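# Structural overview for review
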Amino acid sequence: MESAGPLRPRPYLLAKEVPQLMARPSVRGRHLPLRQFVKDWYVPSADRAEMVADPLEADVALGDAVRIATVVHALCDSESMAVPSWVFDYRFEDDEMLVEQVPWHSALGACERREAPAACLWHRCWFGNGFFEVLGVHVR
């Protein structure tokens, strides 16, 4: 029997790979690949610089691009890493939540905005630091 090989070529996703995964329908939600990216960020063997080095493809949906760029920006800030220049190409015109199901004018929305990383203000894409505590990953 021949082995199919690894499911992924490396133990972490690259930011540029996240949009194509977000575009695939999933009963677990369209933000699961973004949460996987966050989880992968904390894998000891992860090459964080490689994870964020390449810009997103030009055809990525704007909403997905802003959400990915905001998360990348916040992760880089949290590690005192240089933020790649491509993330500054993506910003919402109006404030939006990272996860669309979180209502802006709700107690949860207000809580998320209070706990948001600084990168959220620049990108106008809001989420609380709890987004980084996903899939068994708890940081700081």
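See the structure printed just above.
## Considerations on unusual backbone geometry
A positive phi is found at S80, a non-glycine position, where the angle reads about 55°. Counting through the fold element by element, S80 comes out in the loop between α4 (62-78) and β1 (96-97). In this structure, R124 takes a positive phi of about 60° despite not being glycine. Along the chain, the position of R124 falls in the loop between α6 (119-123) and β2 (125-126). In this structure R124 comes out as partly exposed when scored by relative accessible area, which is 25%.

## Some words on the packing of aromatic side chains
Applying the stated criterion across every chain, the model contains 6 aromatic pairs. Note on F88 and W122: the rings are 5.3 Å apart at their centroids and 90° apart in plane angle, and the pair reads as edge-to-face. You can see F88 sitting in the loop between α4 and β1 and its partner W122 sitting in helix α6, a full 34 residues away along the chain. When the centroid spacing of 6.4 Å and the interplanar angle of 75° are considered together, the rings of W104 and W126 count as edge-to-face. Residue W104 is located in the loop between β1 and α5 (107-114), and its partner W126 is located in strand β2; the two are separated by 22 residues in the primary sequence. Residue classification places W104 among the partly exposed residues on the basis of a relative accessible area of 24%. Looking at R91, its charged tip hangs above the ring of W122, at a distance of 4.7 Å from the centre. The residue whose ring lies beneath R113 is W104, and the NZ or CZ to ring-centre distance is 4.1 Å.

## Considerations on the nonpolar core
Judged by nonpolar contacts, the single largest core of 40 residues is most densely connected at F37, I68, V71, V72, W86 and F131. Those elements that provide at least two residues to this core are α1 (18-22), α2 (32-41), α3 (48-53), α4, α6 and β2. For this core, the element with the highest residue contribution is α4, accounting for 9 residues. Once residues lying within four places of it in the same chain are set aside, the contact partners of V72 are A15, F37, V52, P84, W86 and V87.

## Here's the deal with the pattern of salt bridges
All told, the structure shown has 7 salt bridges when counted by the stated rule. For the salt bridge of R67 with E100, the shortest nitrogen-to-oxygen distance reads 3.5 Å. Pair noted here: R67 is in helix α4 and E100 is in the loop between β1 and α5, with a separation of 33 residues, a long-range link. Here the salt bridges share partners, and the residues they tie into one network are R67, E96 and E100.

## Details of α4
For α4, built from 17 residues, the straight-helix expectation of 24 Å at 1.5 Å per residue is met to within 8% by its first-to-last C-alpha distance of 24 Å. Within α4, 13 of the 17 residues are buried, which leaves it mostly tucked inside the rest of the structure. Of the residues trailing α4, S80 is marked for its positive phi of about 55°.

## Structural notes on the side chain of H123
With respect to the helices and strands, the residue H123 is situated in helix α6. What makes H123 buried here is its relative accessible area of 0%. Within the structure, the side chain of H123 is placed 2.8 Å from the side chain of H73, a separation counted as a polar contact. Setting aside chain neighbours within four positions, we find H123 in contact with V66, A69, T70, H73, V87, Y90, R91 and F92.

Thresholds applied
Residues numbered from 1 in each chain as written. Predicted model: local features only at pLDDT ≥ 70, side-chain atom pairs only at ≥ 80, totals over all residues. Heavy atoms only, no water. Helix = DSSP H or I, 4+ residues; strand = E, 2+ residues; numbered from the N terminus. Buried < 20%, exposed > 50% of the residue type's maximum accessible area, 1.4 Å probe, protein only. Phe/Tyr/Trp six-rings, centres within 6.5 Å; stacked < 30°, edge-to-face > 60°. Lys NZ or Arg CZ within 6 Å of the ring centre and 35° of its normal. Core = buried A, V, L, I, M, F, W, Y, C linked by side-chain atoms within 4.5 Å. Contact = heavy atoms within 4.5 Å. Salt bridge = Lys/Arg side-chain N within 4 Å of Asp/Glu carboxyl O. Expected span 1.5 Å × (residues − 1). Polar contact = N/O pair within 3.5 Å; in protein donor to acceptor, adjacent residues only side chain to side chain.

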